[in-house]
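Listed below are the residues making up each chain.
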Amino acid sequence: MANKDRVTFGSKIGVILATVGCAVGLGSIWRFPYMVGANGGAAFLLVFMICTVLLGLPIMITEFFIGRHSRSNAAGAFKKLAPGTQWSLIGYNGVLAAFLILGFYSVVSGWTLEYIWQAMTGSLAGKTTAEFTTDFETFSSSALRPIGWTIAFIALTHIIIVSGVEKGIERASKIMMPALFIILLILCIRSVTLPGVQEGLSFLFKPDFDKITSSVILSAMGQTFFSLSIGMGCLITYSSYFGKDTNLQLTAVQVTVLNTLVALLAGIMVFPAVFSFGIEPTAGPELVFITLPNIFEQLPFGNIWSFIFFILLALAALTSTISLHEVATAYVHEEYHMTRKKAAWIVSAGVAVIGAVCSLSFGLLKEYTIGGLIIFDALDYLTAKIMMPLGGMMICVFVGVRIEKKVLKAELTNKGTITFYFFNAYAFFIKYIAPAAIGLIFLNELGLIKKIISLF
Ligand code: PHE
């Protein structure tokens, strides 16, 4: 099944870093704190951790199986493993999700560029908390400037995708990812020495079980999928480039642990500061952008810190946008027999349009809502809470019913050269438990479960 002319990642550490790069990004540092804040704090974190261990990790391993076994893009993989069937719909769902996510993700990535700019020009210095908030709101709701940054970010991603510089990305990630980790640690230390530390940490770590509602559960599951990049084919595409001797199980564990650690650090960095500076934890997508500058203000050479931080955050976002773009580009390139360049152009142009609309939904297009959500939030909801979990569910069912257990085991143990403890439990889990759990969470949110129970 191997396709000999496909590139593979240069080194083992490269594989891990690129995959960590795909997972770690705005999802852990921007979206995670905002979701924790909006969903009642520690209760959300608890459900998120449970989803990460019980759904995230097994689904990631399963995607690695599909990718490396088929050696093709997200949609092609299903065609190869189950020719002439409808299973490839899972792949299309993933490609579409990648495309839509890239649209709103680029907007937030663009915001990081604005903050780099502001740090460079010194305009973050000397402001009060209220000023940081109103300035962010004025900026994000204006028409041209955020769109400009959004398109700049898409252009940056585009250039990397067309020049096929996996090597460059690998090399950059090797330095940038550890650097980001270190700066997060420093900011955590600053944050936990602020006066709001008690309140912040208990908000994050002391669960109030009454707060676990169906919508909190759905949000936490969505966060798991979004943050680990699972359920939409990114990891299928990436693992299709893995070498024969990559340890798929170990890689999945490493990526999951690192990603979760980054999210926790982001939480520890944000919440003490939120309470110290009197910011609303429920502020929404702007939470990190109004909280962090306050922490930087508290550090000597605040501008330099914020400059370094936002550069690293932009890079973390870039390694994720590259992976999202790659899913869509690899699909158009391989399935429509188009040059890579042309495929990338089509994707970038489409994403630029979605990005612009999402950006405008904070201002000019604010009135256009879907189910009460502005377009930006609606796309986030659709992808993270519906398309990705649905994709993950179908991926499990697919492997459960279409793939022979011995084929699955051979791939995940590198033909028996490494051990997979509890393989049978894993196989049972992804075939029955994981899809059922995701299905129940959906039904629960729709209120159907309550209705059924009330019938008895
Ligand atoms: N996981 C990425 C993040 O946390 C976002 C992402 C989602 C990337 C899906 C690729 C695919 O930032």
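About the cut-offs
Residues numbered from 1 in each chain as written. Predicted model: local features only at pLDDT ≥ 70, side-chain atom pairs only at ≥ 80, totals over all residues. Heavy atoms only, no water. Near = heavy atom within 4 Å. Polar contact = N/O pair within 3.5 Å; in protein donor to acceptor, adjacent residues only side chain to side chain. Areas by Shrake-Rupley, 256 points an atom, 1.4 Å probe, with all protein chains shown as cover. Helix = DSSP H or I, 4+ residues; strand = E, 2+ residues; numbered from the N terminus. Nonpolar A, V, L, I, M, F, W, Y, C, P; charged D, E, K, R; others polar. Salt bridge = Lys/Arg side-chain N within 4 Å of Asp/Glu carboxyl O. Buried < 20%, exposed > 50% of the residue type's maximum accessible area, 1.4 Å probe, protein only. Contact = heavy atoms within 4.5 Å. Expected span 1.5 Å × (residues − 1). Core = buried A, V, L, I, M, F, W, Y, C linked by side-chain atoms within 4.5 Å.

Peer 1: In this structure, what is going on with the site of the ligand? I would like to understand it.
Peer 2: The environment of the ligand is formed by 16 residues, the closest being Ala 23, Gly 27, Tyr 105, Phe 226 and Ser 229. Within the side chain of Tyr 105, a nitrogen or oxygen atom sits 2.4 Å from an oxygen atom of the ligand. Separating a nitrogen atom of the ligand from a side-chain N or O atom of Ser 229 is a distance of 2.9 Å. Coverage of the ligand by the protein chains reaches 100% of its 320 Å² of free accessible surface. Listing elements by their share of the shell around the ligand, those giving two or more residues are helix 1 (12-23), helix 2 (26-38), helix 10 (214-228) and helix 14 (302-335). Taken together, the residues of the shell around the ligand break down into nine nonpolar, seven polar and no charged.

Peer 1: Would you explain the pattern of salt bridges in this entry?
Peer 2: Think of it this way: side chains of opposite charge can pair up when their charged atoms draw near. A full pass over the atoms with the stated rule returns eight salt bridges. Between Asp 208 and Lys 211 there is a salt bridge, with its nearest N and O atoms 3.9 Å apart. Taking relative accessible area as the criterion, Lys 211 reaches 38% and is therefore assigned partly exposed. Here Arg 340 ties to Glu 326 by a salt bridge, and the two come within 2.9 Å at their closest N and O atoms.

Peer 1: Looking at this structure, how should I read the environment of Met 388?
Peer 2: Among the secondary structure elements, Met 388 is positioned in helix 16 (residues 375-402). Counting along the chain gives 294 residues from Met 388 to Gly 94, while the straight-line C-alpha distance between them is 7.4 Å. Every residue in contact with Met 388, bar those within four places of it in the chain, is listed here: Ile 101, Phe 225, Phe 226, Ser 229, Ile 230, Gly 231, Met 232 and Thr 383.

Peer 1: Explanation requested: helix 7 (residues 144-162) in the structure shown.
Peer 2: Since the α-helix packs 3.6 residues into each turn, any two residues three or four apart lie on the same face. For helix 7, built from 19 residues, the straight-helix expectation of 27 Å at 1.5 Å per residue is met to within 8% by its first-to-last C-alpha distance of 27 Å. Regarding helix 7, the residues found buried are Pro 146, Ile 147, Trp 149, Thr 150, Phe 153, Ile 154, Thr 157, His 158, Ile 160 and Ile 161.

Peer 1: When you look at the nonpolar core in this model, what are you seeing that I'm missing?
Peer 2: Soluble globular proteins tend to pack their nonpolar side chains together in the buried interior. The biggest cluster of nonpolar side chains holds 152 residues, and the ones touching the most others in it are Ile 66, Met 269, Phe 309 and Phe 398. Per element, the largest residue contribution to this core is 16 residues, and it comes from helix 5 (residues 88-120). Each residue touching Phe 309, except ones within four places of it in the same chain, is listed here: Ile 29, Ile 183, Leu 184, Leu 187, Met 269, Leu 292 and Phe 296.

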